[in-house]
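# Structural features, examined
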Amino acid sequence: MLRPERMSKVSVTGSKRVMDDVIEAVHDLNLLHISEYDGSWDGFSPGDPMEGAEETSEKLVTVRALESILDLDPEDAGARRVLSDDDIEAELEEVRERVNELDDRREELKDELREIDEKIDSMEPYADLGIDLDLLSGYDTLAVAVGLGKAKDAEAALEEAESIGPFELFSGDRTVAVFARPTSGSEDPIADALVGVDFQPLDVPTAEGSPEDYVRELRSRRRQVDSKLDNVESELEVVKREAADFLLAAEEELSIDAQKRDAPLSFATTANAFVAEGWIPTERYEELEDAIQDAVGDHAEVEEIERAEFAPDGDHHSEAVGEAATDGGYETTDEKPPVVQDNPRVAAPFETLVNAVSRPKYSEFDPSLLVFLTFPLMFGFMISDIGYGVLYVAIGYYFWSKYDTTGMKNVGAVAMWAGAFTIFFGFPFGGDVFGHHLLDTEMAKGVAPGYTSWAQAWLVVTVLFGVLHLNIGYVLSFVSTIQHHDFKHAMYEAGSWLLLLNGLWVWVFSAHYYEAKPEILFAAFETTLGIQTQGLPEIVGLAGLVAVAVGAVLLAVGEPQELPEVLSPLVNAVSYTRMTAVLLAKGGMAVAANLLAFGAYIEDGSFVFMFTPSNLADARAAGQDIVFAGLTTQGAVGVVAGILVAILGHIVVLMLGITAAGIQGIRLEYVEFFNKFYEGGGRKYDPFGYVRRFTRG
């Protein structure tokens, strides 16, 4: 559980004449994580792809190109198919011709549409102007300019220009045309006159007739081309439906074939023999041996050449096994084994949260099980509302049931667990349903005016939870170090921090210097447990300080560079109070949404929501301290507005709950907890094989 599966490195050696059969058997088993041959053995060289590899790759490229053109995805698949090489050859060519022909037509029509749009864009300013195109050029004694700008600004500049004589200005909504008689020999007198004016000149097209008619013709042509394009898109959609099963199945079959044909590239080969090495879970060694024995008999030999041991603070240790341990035939290597995480089924979805940081190294503890035990608990505590919890479970179930990918299913499962704990914590906190208390319980979040002492208590409770959580991290670090090194190193690297963490917090909760410590440290026990106390006995507090001193000495001797961080256990534990901050913030937001929508008064320190005009009238008659009248108490329009405010408010709280509680919970796992014992960086176990989805083998 906290360790990955034990891995063994194996060697498969045989004659080249049975290599194809061995590859087939190993691929069908989907078990061996093949190691790339590094070229270090005398007389051996990397193998060559099997015959037909290039042809298979070309077909695979063609299939994927067609899938891209048709915008295929796995959800478009229907029934599984059985495809032979001849089936793929014949059907692929037919589909390729149909798709390429339609795609070419589609691209031609798109190009034509772009060309028409460009013409429309260039002609629209002249249509706005409303002057025939042949009237805008061809004059001997008149200068003409057309552009985009403001007519008033252009007219003012022309009137002041000495190079311009009489002129006439025409304008549309945004287009200006100027006809002027120049008084100087300037090549472009109008442009000279309009320097400094917001005027963007346009080139007059060489055309005749009405620009409005021209634009109408272009738009009519565009509609025709658009219709043709729609027809081509419809034809492609038909081809997509007809060819989806084949293309997805062909891609899968060709991918499998390409894997097999390229496999020898990872082998060490001579003219007559081959050697393939790789990693498998140790407990499945006999399964691999039996499969190859059944396939080629004694023509290939399988041997377990090393078994990786766990070495938590560095590279794995390996021990040679079998004949390799006695005849010197192989040496253990520094190659890191791939990681197969080994968690109970309920905790497996939380591997996604762990792997988001980095996959555990083979040498490390896998924290997925611990994240399963703590993250939903922290999330549930921070929201603690039955209504929100039910919605989180529903959202999670949607993701879990809707999507086929492992990642999305795991996200759904994590959300369902988080929602379940949100429901669980909702009951002791007054049976909260969207901020409404349905149960009469003594425990409270601390949001209501009369229950602020509970808010202080939860600050202390979350600190104590943090101390426990951090202890687990340091204990894992201690165990890892003692396994890899010895007890002395474990005391320096982890024992010192355990003494510092527990010594500091034992002293904080002791009676030593009681008067100087915050009152809430001890009042919290009275609030939650009804116990009046001044903390642990003073002698216990002094023992805690001794533990701190011993821890600091161990740290100074073993890890002196970390001595400036000596108070980090105190800070790390205080960081867990963010759980209480989110608890109060989300509870307060839910109450605020209800307060705006339904109104409330305070009775015995708690909010009592009113909902209806009659409840408001009764509260006023009873002289209650009304906080806010609410919308639903103001008649029919108010009811509608209040319900909308409540729905929108709780949607906001729901979404912020995902981000705030989710992010803060993950942060506590990643930063405070993982940093004590976890690095990550493991290799993914990627066995040679294929899980079929669209074909039957």
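Residues numbered from 1 in each chain as written. Predicted model: local features only at pLDDT ≥ 70, side-chain atom pairs only at ≥ 80, totals over all residues. Heavy atoms only, no water.

## Quick word on the overall build of the chain
Heads up, the rule is: The way it works is that DSSP assigns letters per residue, a run of H or I at least four long becomes a helix, a run of E at least two long becomes a strand, and they are numbered from the N terminus. Note on contacts: a residue pair is in contact if any heavy atoms of the two residues lie within 4.5 Å. Residue-level accessible areas treat just the shown protein chains as cover; the underlying method is Shrake-Rupley with a 1.4 Å probe. In this charge count, Lys and Arg are treated as positive and Asp and Glu as negative; neither His nor the chain ends contribute. Where a charge lies is defined by one atom per residue type, namely NZ (Lys), CZ (Arg), CG (Asp) and CD (Glu).
Within the chain one finds 20 helices and 16 strands. Each principal axis of the C-alpha atoms in the chain carries an extent, and together these give about 110 × 100 × 55 Å. For the chain, long-range pairs separated by at least 24 residues make up 77% of all intrachain contacts whose partners lie at least 6 apart in sequence. Total accessible area on the chain stands at roughly 35000 Å², and carbon and sulfur atoms take up 54% of it. Distance from the positive charge centre (51 side chains) to the negative charge centre (117 side chains) of the chain: 3 Å.

## Section: the pattern of salt bridges
As a reminder, the rule being used: Only one rule defines a salt bridge in this text: a Lys or Arg side-chain nitrogen within 4 Å of an Asp or Glu carboxyl oxygen. For every residue, the accessible area (1.4 Å probe, protein chains only) is compared with the maximum for its type, and the residue is labelled buried under 20%, exposed over 50%, or partly exposed between those bounds.
Tallying each qualifying case throughout the model produces 29 salt bridges. Measuring nitrogen to oxygen at the nearest pair gives 2.5 Å for the salt bridge that ties Lys260 to Glu24. On the criterion of sequence distance, the pair formed by Lys260 in helix H6 (residues 211-262) and Glu24 in helix H1 (residues 19-29) is long-range, its members being 236 residues apart. Its relative accessible area of 12% is what places Lys260 among the buried residues.

## With respect to helix H14 (residues 487-508)
Worth spelling out the cut-off: Take the seven residues that end at a residue and the seven that start at it, fit an axis to each, and the angle between those axes is the bend at that residue. A 3.5 Å cut-off defines polar contacts: any pair of N or O atoms within that distance qualifies, except that in protein one atom must be a possible hydrogen donor and the other a possible acceptor, and neighbouring residues in sequence count only when both atoms are side-chain atoms.
At Ala494, H14 shows its maximal bend, which comes to roughly 45 degrees. Along H14, the residues that are buried comprise Ala490, Ala494, Gly495, Ser496, Trp497, Leu498, Leu500, Leu501, Gly503, Leu504, Trp505 and Val508. Where H14 is buried, its residues touch helix H13 (452-484), helix H15 (520-529), helix H16 (538-558) and helix H17 (568-574). In this structure Asp486 caps H14, since a side-chain oxygen of it lies 3.2 Å from the backbone nitrogen of Lys488.

## Observations regarding the sheet that holds strand E15 (residues 625-628)
Selection criterion: Only strands joined by at least two bridges in the DSSP assignment are considered to pair. Whenever a helix is involved, its axis is fitted only over the stretch in contact; in every case the axis is a line through C-alpha atoms, and angles between N-to-C directions fall within 0 to 180 degrees.
With respect to topology, three strands assemble into an open sheet ordered E14-E13-E15, the strand pairing being antiparallel. At either margin of the open sheet sits one strand with a lone partner, and together these are strand E14 (606-609) and E15. The average undirected angle you get between the axes of adjacent strands in this sheet is 40 degrees. Sitting on the sheet, helix H18 (residues 578-598) is in contact with strand E13 (600-603), E14 and E15, with an inclination near 40 degrees to E14.

## What about the UniProt feature "coiled-coil region" (unreviewed entry) in the chain?
Heads up, the condition is: UniProt positions are given in the numbering used here, feature names are shortened, and annotations may be inferred rather than shown by experiment.
Summarizing the sequence annotation, UniProt attributes the feature "coiled-coil region" (unreviewed entry) to residues 85-119 and 215-249 in the numbering used throughout. Annotated as 100% helix and 0% strand, the span residues 85-119 places its first and last C-alpha atoms 50 Å apart.

## A closer look at the sheet that holds strand E7 (residues 199-201)
Taken together, four strands build an open sheet; the order of strands is E5-E6-E4-E7 and the sheet is antiparallel. On the outer flanks of this sheet lie strand E5 (164-171) and E7, each paired with one strand and no other. Mean inter-strand twist for the sheet, computed between neighbouring axes without regard to direction, equals 35 degrees. Bridge count between E5 and strand E6 (residues 175-182): six bridges; the pairing is antiparallel. Bridge pairing in E6 links Leu169 to Val178. Where helix H3 (residues 85-129) meets the sheet, it contacts strand E4 (143-149), E5 and E6, and its direction lies at approximately 75 degrees from that of E6. The strands touched by helix H4 (residues 151-160) within the sheet are E4, E5 and E6, with E5 carrying the most contacts at an inclination of about 175 degrees.

## Topic: the domain arrangement of the chain
Many analyses report the size of an interface as the accessible area lost when the parts associate. Heads up, the rule is: Residue ranges for the domains originate in an automatic or database domain assignment.
Domain assignment breaks the chain into domain 1 (123-214) and domain 2 (341-443). Placing a centre on the C-alpha atoms of domain 1 and another on those of domain 2 gives a separation of 70 Å.

## Here we look at the packing of helix H11 (residues 386-402) against helix H20 (residues 636-673)
We apply this condition: Crossing handedness is read from the near helix: turned anticlockwise from the far helix by less than a right angle, it gives a left-handed crossing, and turned clockwise, a right-handed one. Note on residue classes: Ala, Val, Leu, Ile, Met, Phe, Trp, Tyr, Cys and Pro are nonpolar, Asp, Glu, Lys and Arg are charged, and everything else, Gly too, is polar.
As a packed pair, H11 and H20 sit with axes 11 Å apart at the nearest point and diverge in direction by 65 degrees. Crossing angle aside, the handedness with which H11 passes H20 is right-handed. Between H11, through Tyr388, Leu391, Tyr392 and Ile395, and H20, the contact on the second element is made entirely by His650, Val653, Leu654, Gly657 and Ile658. Taken together, the residues that form the contact of H11 with H20 break down as seven nonpolar, two polar and no charged.

## Regarding the environment of Phe267
On the secondary structure map, Phe267 appears in the loop between H6 and strand E8 (268-269). Considered as a pair, Phe267 and Ser358 are 91 residues apart in the sequence and their alpha carbons are 29 Å apart. In contact with Phe267, other than residues within four places in its own chain, are Met19, Ile23, Ile34, Tyr37, Ser45, Pro46, Gly47, Phe274, Val275 and Ala276.

## Structural notes on the side chain of Thr633
Its location among the elements puts Thr633 in the loop between E15 and H20. In this structure Thr633 comes out as buried when scored by relative accessible area, which is 6%. A polar contact of 2.8 Å, which involves the side chain of Thr633, links it to the backbone oxygen of Ala629. Not counting residues within four places of it along the chain, the set of residues in contact with Thr633 comprises Phe598, Met610, Phe611, Thr612, Pro613 and Leu616.

## With respect to the packing of aromatic side chains
Keep this limit in mind: Aromatic rings from Phe, Tyr and Trp, with only the six-membered ring used for Trp, were paired whenever their centres fell within 6.5 Å, and each pair was classed as stacked if the ring planes differed by under 30 degrees, edge-to-face if by over 60, and tilted otherwise.
Tallying each qualifying case throughout the model produces 34 aromatic pairs. Geometrically, the ring pair formed by Phe381 and Phe425 is edge-to-face, given 5.9 Å between the ring centres and 85 degrees between the ring planes. Note that Phe381 is positioned in helix H10 (residues 368-383) and Phe425 in helix H12 (residues 406-426), a separation of 44 residues in sequence. By the burial criterion, Phe381 is buried, and Phe425 matches it. The interplanar angle of 45 degrees and the centroid separation of 5.0 Å between the aromatic rings of Tyr514 and Phe522 together place this pair among those described as tilted.

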